[in-house]
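# Descriptive analysis of the structure
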Amino acid sequence: MSKGFIKKVTMEEGALQYDFSRKILKNLRGTPVTERQPGGEKTGPNDSTMGKDILHLLPYKGEFLKPCPGTTDYICCGYQILNLGTNCPLDCTYCILQSYINQPNLRVFVNLDVGLKQVFQQIDKQPDKIFRIGTGEFTDSLAMDPITRLSEHLLPLFSRRRNVALELKTKTTRVEGLLASKYRDRVVLSWSLNSPYIARHEEKMAENLDKRLKAARRCQSEGFILGFHFDPLIHHPGWKDEYLKTLDLMDKYIDPKGVIWISLGSIRFMPGLKPIIRKRHPNSRVLDGEFVTGLDGKMRYFKPIRIDQFGHLRENLEKWHSSLGLYLCMESDDVWESTMGWSPGETAGLSRYLDKRVVEFFG
Amino acid sequence: MNIENDLTSIQYTVDFVDIDDSPGPFCMSFGFELEPLIQSIQNVGMVNPPLLIQKKSGTYTIIAGYRRIRALKFLDIKKTPCRILSESRVSELECFRLNLHDNLATRVFNEVEKGMVLSRLTSLVSQDQILNRYMPLLGLPSHSEKFFFYLRLEKELEKEIKIHLAQGRMSLQVARLLLEIGRGDRNRVFELISALNLNINYQKQLIDYIIDISNIKRIPVSTFLAENFFSDILQKEGFNKPQKVKALFHSLRVLRFPTLVRAEENFSKNVTRLGLTKGVKVSAPPYFESPHFRLEILFRNGTELKEKLRILTKKEGLEVLGNPWKERV
Ligand code: SF4
């Protein structure tokens, strides 16, 4: 996917006063630009394209840094989300953004400098707390990097702080901006992985696994610390062997000693996503599994199926390397116990475990 | 447009033989009950005379008051005072708006009628106007997706299904699901809904199961619907409707959630095997999602409670209680 996937830029009134807007427009020279009133374009979440070929530049009025909205019913990793934009050009069939975002288009928040200033004030005020921060919750962290060049901007700011780890999570190979930067410290480059079957059928616009892992190898060889996320794990015919194929690729390309963490998360979604997936992706297989309503109201696989998934992945990942910082995403204490053989007990426990990994890798 | 400037109607008594009493181009009534209106006319007479347009031929078309005229005819009344507009004085859009506002002032449109209003509007005004001006009037958000959905509802759904929807016997969500499956399949599903007299919750569940199971089996909905599975249950001898509904949903659930149903059955077998005292009940959490099981003891007094607890703690095999699958670690 080249920069050419953006067919049009729309700007909210006043967006042009920000340097960041001007930089983006420079990278998109020749693309038509129009101005738009705040909230001017309405869409329902079922609209088929979600305006993924339109880039909308606007100042963000909310908080840039927010804790990940975990629930008390399951153990959360205590992550902080740096919200720099919403929506994503990749359009995975299972993407929860389809039901979260009732505003169309790829949205980039151009008052970034003001926002980051507040974020760093908050971080610097608490030097003893480790902030694990990610930008990949409401978008893919690197999908738009060739246009926004955000990584270049963020790396120096995060690298110089001692109490942070910035995680950039992606399914792309858009690492040129990162590799061009001289900063490596306090940055985790993570790839979302799945089975080759799921990558082919449900992540059609993302890079294939071989390319993702080759990009990861390149970054590792250039000094970056890596993370991986098997999330969402999806049950499908032959899933056990299919996931092993991905593990084989990891073994082929990656040195496990440079992996700070690997998360395992079984597919989960709000019930409202189901009709959207049916409508937008009628050939998707992600709804085939035995979904039940979880304690948080989200649909998730019936527990023994999740246990089977996690157990299989854990067993085989640990054959690869014994210290991978494996953890479960949004799972209950009993599922932890029965698949990992231990449990952090609660969100604070998992946070401590991951913070410890940060200290081990970055000091 | 300011209707008031053009609306100079005259009022006189019109014989019903001169009125074209088909629903006509401005009618927005569907699936209504005539009885309350008949009673109201019997009690207090016609409070608000129908509004008609006189055509060049001398006959009349109803702009507003279709239901009133139907009710009067039912009461065997042959003529009634009406307000009359001349065809040359008002446009089609103005007539439409007169009807719309006449209705909005007195009642809430049902979902089918909303579809009719939006569908008629497509030939009269721009889509932008429909979204921003008329959808809020109908209590709908100005979303194009909603707009197209209502158009499909009006154009594609069969009359019987629309009647169910208009009368509140089917939810909008179910209508949406029915629209997603093809016409033939839809009619077959609707036949099932009608034959078993399913309530709104069951209707949704049934369609969900049918779509999910067809997807899982990788067969078209029509192929799944043609399986003997359905006819066998519908024709089960000695079963009344609620029993057939129960049997159908159990069978569908087994197909949709084989692991869960197996676990539930195993758990229940384990509990039965324990032979707990009367008034002592052990239940699993919904879907076994929470780690905690529940014990309930019915007792009349402390002595009875003590006795039941004593028997319970002595019970052999209580250890089998728990998740009815093999834990991994
Ligand atoms: S990469 Fe992530 S954010 Fe983008 S579409 Fe896929 S799941 Fe959604």
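Everything numeric here is computed off the predicted structure, so don't read it as measured data.

## A word on the sheet that holds strand E7 (residues 106-109) of chain A
Residue and element names in this part refer to chain A.
- Overall, mixed pairing links the five strands, which are arranged E2-E1-E3-E7-E6 in an open sheet. Looking at strand neighbours, the two that pair on one side only are strand E2 (33-36) and strand E6 (85-86), the edges of this open sheet.
- In terms of strand pairing, strand E1 (residues 8-12) meets E2 through four bridges, oriented parallel. Bridge pairing in E2 places valine 9 opposite valine 33.
- On the sheet, helix H1 (residues 19-27) packs against E1, E2, strand E3 (54-58) and E7 and is oriented at approximately 160° with respect to E3.

## Overview of the domain arrangement of chain B
- Partitioning chain B into structural domains gives domain 1 (1-107), domain 2 (108-156), domain 3 (178-256) and domain 4 (274-326).
- The C-alpha-based centres of domain 1 of chain B and domain 3 of chain B are spaced at 43 Å.

## Notes on the sheet that holds strand E15 (residues 299-301) of chain A
All names here are of chain A.
- As summarised here, the arrangement of the three strands in space is E13-E15-E14, forming an open sheet in which the pairing is antiparallel. Unpaired on one side and paired on the other, strand E13 (268-269) and strand E14 (291-293) mark the two borders of the sheet.
- Pairing of E13 with E15 involves two bridges; the strand directions are antiparallel. Its bridge partner lying in E15, arginine 268 is registered against arginine 300.

## Examining the site of the ligand
- Around the ligand sit A:Cys88, A:Leu90, A:Asp91, A:Cys92, A:Tyr94, A:Cys95, A:Leu97, A:Thr139, A:Asp140 and A:Lys171, and those are all the residues in its vicinity.
- When the residues that make up the shell around the ligand are grouped by side-chain class, the tally is six nonpolar, one polar and three charged.

## Some thoughts on the interface of chain A and chain B
- Residue-level contacts link 39 residues of chain A with 28 residues of chain B.
- Both faces considered, chain A and chain B share a buried interface measuring about 2800 Å² in area, 50% of it formed by carbon and sulfur atoms.
- The three residues of chain A that bury the most area against chain B are A:Arg278, A:Glu290 and A:Phe302, which together make up 23% of that side's buried surface.
- Across the chain A-chain B interface, the total number found is seven salt bridges.
- Between A:Arg278 and B:Asp212 there is a salt bridge, with its nearest N and O atoms 2.8 Å apart.
- Counting across the chain A and chain B interface gives 14 residue pairs in polar contact (both at pLDDT 80 or more).
- For the side of chain A that touches chain B, the secondary structure elements donating two or more residues are helix H10 (273-280), E14, helix H11 (303-320) and helix H12 (333-340) of chain A.
- With ten residues, the single largest contributor to the side of chain A that touches chain B is H11(A).

## Let's talk about unusual backbone geometry
- The amide bond that connects A:Asp231 to the next residue, A:Pro232, takes the cis arrangement and shows omega of 10°.
- Tracing the sequence through the fold places A:Pro232 in strand E11 (residues 225-233).
- For A:Arg149, which is not glycine, the phi torsion reads 55° and is therefore positive.
- Even without a glycine there, the phi angle at B:Arg218 is positive, about 55°.

## Side note on the nonpolar core
- In this structure, A:Leu55, A:Phe228, A:Phe230, A:Ile262 and A:Leu317 are the most contacted members of the largest nonpolar core, which totals 195 residues.
- When sequence neighbours within four positions are dropped, the list of residues in contact with A:Ile262 reads A:Phe228, A:Phe230, A:Met250, A:Leu317, A:Trp320, A:Leu324, A:Gly325, A:Leu326 and A:Tyr327.
- If you look at the next biggest cluster of nonpolar residues, it comprises 16 residues, including B:Val14, B:Phe16, B:Ile19 and B:Ile62.

## Regarding the packing of helix H4 (residues 92-106) of chain B against helix H6 (residues 127-137) of chain B
Residue and element names in this part refer to chain B.
- Where H4 meets H6, the axes come as close as 11 Å, and the angle between the chain directions of the two elements is 35°. Residues Leu93, Arg97, Leu100, His101 and Leu104 of H4 lie in contact with H6, whose contacting residues are Arg133, Tyr134 and Leu137.
- Broken down by class, the residue content of the contact of H4 with H6 amounts to five nonpolar, one polar and two charged.

## Brief notes about the pattern of salt bridges
- What the rule picks out here adds up to 48 salt bridges over all chains.
- Among the salt bridges present, the one from B:Arg253 reaches B:Glu264, with a minimum N-O distance of 2.8 Å. Here B:Glu264 lies in helix H15 (residues 258-274) and B:Arg253 lies in helix H14 (residues 241-256), a separation of eleven residues in the sequence.
- Classification of B:Glu264 as partly exposed rests on a relative accessible area of 26%.
- Between B:Glu304 and B:Lys308 there is a salt bridge; the shortest N-O distance is 3.4 Å. Note that B:Glu304 and B:Lys308 are positioned in helix H16 (residues 302-314) at a spacing of four residues, about one turn of the helix.
- The buried category is assigned to B:Lys308, whose relative accessible area is 9%.
- Here the residues in one salt-bridge network are A:Lys274, A:Arg278, B:Lys204, B:Asp208, B:Asp212 and B:Arg256, joined through shared partners.

Criteria and cut-off values
- Residues numbered from 1 in each chain as written.
- Chains lettered and ligands numbered in written order.
- Predicted model: local features only at pLDDT ≥ 70, side-chain atom pairs only at ≥ 80, totals over all residues.
- Heavy atoms only, no water.
- Pairing = 2+ DSSP bridges.
- Helix = DSSP H or I, 4+ residues; strand = E, 2+ residues; numbered from the N terminus.
- Contact = heavy atoms within 4.5 Å.
- Axes fitted to C-alpha atoms, helices over the stretch in contact; angles between N-to-C directions.
- Domains from an automatic or database assignment.
- Near = heavy atom within 4 Å.
- Nonpolar A, V, L, I, M, F, W, Y, C, P; charged D, E, K, R; others polar.
- Buried area = accessible area lost by both parts, 1.4 Å probe.
- Salt bridge = Lys/Arg side-chain N within 4 Å of Asp/Glu carboxyl O.
- Polar contact = N/O pair within 3.5 Å; in protein donor to acceptor, adjacent residues only side chain to side chain.
- Core = buried A, V, L, I, M, F, W, Y, C linked by side-chain atoms within 4.5 Å.
- Buried < 20%, exposed > 50% of the residue type's maximum accessible area, 1.4 Å probe, protein only.

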